[in-house]
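Next come the chains, spelled out residue by residue.
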There are 2 protein chains.
Amino acid sequence: MRLSTLRDGSRDGRLAVVRHDGVRLAAATGIAPTLQAALDDWPRCEPRLRALAADLDSGALAGEPVVLDAFCSPLPRAYEWVDGSAFLNHVRLVRKARGADLPPKLEVDPLVYQGGSGVLCGPQDPMPLVDEGFGLDFEGEVCVILSDVPQGTRAADAARHVRLLLLANDVTLRNLVPEELAKGFGFFQSKPATAFSPFAATPDELGPAWKEGRVHLRLRVVYNGALVGDCDAGPEMHFSFFELVEHIARTRSYTAGTILGSGTVSNADRARGVSCLAERRTIEILDAGPGGKPRTPFMKRGDRVEIDMLDTRGRSIFGRIAQEVV
Amino acid sequence: MRLSTLRDGSRDGRLAVVRHDGVRLAAATGIAPTLQAALDDWPRCEPRLRALAADLDSGALAGEPVVLDAFCSPLPRAYEWVDGSAFLNHVRLVRKARGADLPPKLEVDPLVYQGGSGVLCGPQDPMPLVDEGFGLDFEGEVCVILSDVPQGTRAADAARHVRLLLLANDVTLRNLVPEELAKGFGFFQSKPATAFSPFAATPDELGPAWKEGRVHLRLRVVYNGALVGDCDAGPEMHFSFFELVEHIARTRSYTAGTILGSGTVSNADRARGVSCLAERRTIEILDAGPGGKPRTPFMKRGDRVEIDMLDTRGRSIFGRIAQEVV
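Residues numbered from 1 in each chain as written. Chains lettered and ligands numbered in written order. Predicted model: local features only at pLDDT ≥ 70, side-chain atom pairs only at ≥ 80, totals over all residues. Heavy atoms only, no water.

Visitor: So what about the overall build of chain A? Which residues, and what values?
Guide: A tally of regular secondary structure across chain A gives six helices and 19 strands. Against the globule reference of 20 Å for 326 residues, chain A gives a C-alpha radius of gyration of 19 Å, in line with a compact fold. Dimensions of chain A, computed from C-alpha atoms along their principal axes, come out at roughly 65 × 45 × 35 Å. Per-residue burial over chain A gives 63% buried out of 326 residues. In chain A, the share of contacts with a sequence separation of at least 24, taken over all contacts with a separation of at least 6, comes to 72%. Total accessible area on chain A stands at roughly 11700 Å², and carbon and sulfur atoms take up 51% of it. Within chain A, one finds 39 positive and 43 negative side-chain charges whose respective centroids are separated by 1 Å. (Helix = DSSP H or I, 4+ residues; strand = E, 2+ residues; numbered from the N terminus. Rg over C-alpha atoms; globule rule 2.2 N^0.38 Å. Buried < 20%, exposed > 50% of the residue type's maximum accessible area, 1.4 Å probe, protein only. Contact = heavy atoms within 4.5 Å. Areas by Shrake-Rupley, 256 points an atom, 1.4 Å probe, with all protein chains shown as cover. Lys, Arg positive; Asp, Glu negative; His and termini not counted. Charge placed at Lys NZ, Arg CZ, Asp CG, Glu CD.)

As structure tokens, this is what we get:
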């Protein structure tokens, strides 16, 4: 089952179920007005939403056509947005780029940061260029939306807390990062609003590609019309979503609707490309040798990034994030 | 006007207006079911809530008695909890305690961190002692609840975005802080759920004590029955709430209901005491001379902290946070 949120002028939009082929949808507001309301009352809502999806898939219900710019983020505002950095190749590259040390426990202690969650962008919302000097970058990620998670939840028990999966563009202002992290309190101004894919899918939509808390599919990133990244989101995710859940639940609990991100999807094999510009710039610096400079600039007005993920049959699971810098 | 949220088994509780003397209240669910709903539609709700409060204050409406353990946090879950560290005396003391450098731009660039906001504690909720080795500490703070704040809002324009004020106990696990901050991504496991005062008050409730984005009143902190802190929350708040709003809105917008904290209230004059144990421990170390150790342990089972603020006539503005370690 795939859920989406339609822009309707309200703060939280209205819930809709998307047909299997992604071209039609049906309003689900008779079951729950918003995705948050459905997550708040999932045991009651899930079977009804699935029945609606089945009617749509079978043709018993015609639904209405999908209009791509009608979608907000599945959760236009969320109670928490917690982002991991579970692809260690990404951590190693971006820290090298800014001359920062690697955390000593990198391989055993997950990196996560608390992101702003009160204003989240839809899949086609513009990326505002507040200041060209800030170094605007995209980051393609896979995310899960959680149920209530009690403090102390262990990785072995985390699978049942994963309600939905979706994609994110975790927008980053690279040139604000070094000074901000040096202050010791983590990212803040360097992380403007994150954008999400139009559809949030239940784990069964991924079939065997959802395995042990990882998504074994490729994340396609197209930048200004060229495929720049086709990284596998599975094997190199060093900490699975289940391990990330255990990490974040060590000292507190979470409410249903918390979004948890993988961090930028990144593969050691350079042939796979990149899911953010910072990695490409680092590779350019390394390849240029001592004193090398990056060739790729950060994003500028009119640049366009698209982030998508196809299943083994070529179907876009989450719909496409397609944002333009304004 | 003072608003509160009554525990009723639902996720967001039910909204109530508190009488001027703080001993009776009236359900406000006929106006808005929850505080978040009121904040989402404030121009419509505010005059109606004020009319209800006036009826309660005049005796036209009897209301029901206040029962202290009936309150949740005014927002049992919030879309964002952003905490500043605007009392530089606190920053200087706690960084000295853990041997950390002061940020070079401490006096011109505010420190803020993004806190977890999906599960917030009520004023009498227990403080769970997950592990005695974590170094459980309280932090007494003043907070504001914001309206929608557009990206780019300036300090000079921030006053109108402050809807309500309240107090917080920003619980901290001190012994998890150094290693977590060294990773570079800010606080996470070291910040369990924050607790809030029972009442959230509109700025006019503070009279002249609310001035230029600061609360010129003392924050009373009682620890195991003894007054340990009576710090003025006004003059030494280096960055006002208005300046903090400008800082956090530099690169993104906020939804109504965002909670913004001052950081631990702290005065340079030692006679004022402390609003957290970490400061007291640092002072003990400094006073003991080279190789000195703190005498005060972190919180243990059965310890009790109370945080309150009285107006110039001795009335508790926000009601009392009173938590016990379990």
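Visitor: So what's going on with the packing of helix α3 (residues 88–97) of chain A against helix α6 (residues 277–288) of chain A? Residues and values would help.
Guide: Residues and elements named next belong to chain A. Two elements in contact, α3 and α6, have axes whose closest approach is 9 Å; the angle formed by their N-to-C orientations is 60°. By the angle between their axes, α3 is oblique relative to α6. α3 and α6 meet at a crossing whose hand is left-handed. Side by side, α3 and α6 meet where Asn 89, His 90, Leu 93, Val 94, Lys 96 and Ala 97 of the first sit next to Ala 278, Glu 279, Thr 282, Ile 283 and Leu 286 of the second. (Axes fitted to C-alpha atoms, helices over the stretch in contact; angles between N-to-C directions. Parallel < 35°, antiparallel > 145°, perpendicular 65-115°, else oblique. Left-handed = near helix turned anticlockwise from the far one by under 90°.)

Visitor: Outline the relation of the copies chain B and chain A, listing residues and values.
Guide: Each of the two copies of the chain can be brought onto the other by a rotation about an axis and a shift along it. Each copy superposes on the other: chain B lies on chain A with an RMSD of 0.0 Å after a rotation of 180° and an axial shift of 0.0 Å. The operation mapping one copy onto its partner corresponds to a two-fold rotation axis. Measuring from the rotation axis to each C-alpha of chain B, the shortest distance belongs to B:Gly186, at 1.9 Å. Interface overlap between copies: 100% of the residues of chain B at the interface are likewise at the interface in chain A, consistent with a symmetric, same-surface contact. (Least-squares fit on C-alpha atoms with pLDDT ≥ 70 in both.)

Visitor: How would you sum up helix α2 (residues 42–58) of chain A? Please name residues and give values.
Guide: Residues and elements named next belong to chain A. With 17 residues, α2 ought to run about 24 Å at 1.5 Å a step, and its terminal C-alpha atoms sit 23 Å apart, in line with that. Along α2, the residues classified as buried are Trp 42, Cys 45, Leu 49, Leu 52, Ala 53 and Leu 56. One side of α2 holds all its buried residues, which, seen down the axis, span an arc of 100°. Pointing more than 90 degrees away from the buried face of α2 are the exposed residues Pro 43 and Ser 58. Packed against the buried residues of α2 are β1 (2–6), β2 (14–18), β3 (24–27), α1 (35–40) and β9 (162–169). (Expected span 1.5 Å × (residues − 1). Arc of directions from axis to C-beta.)

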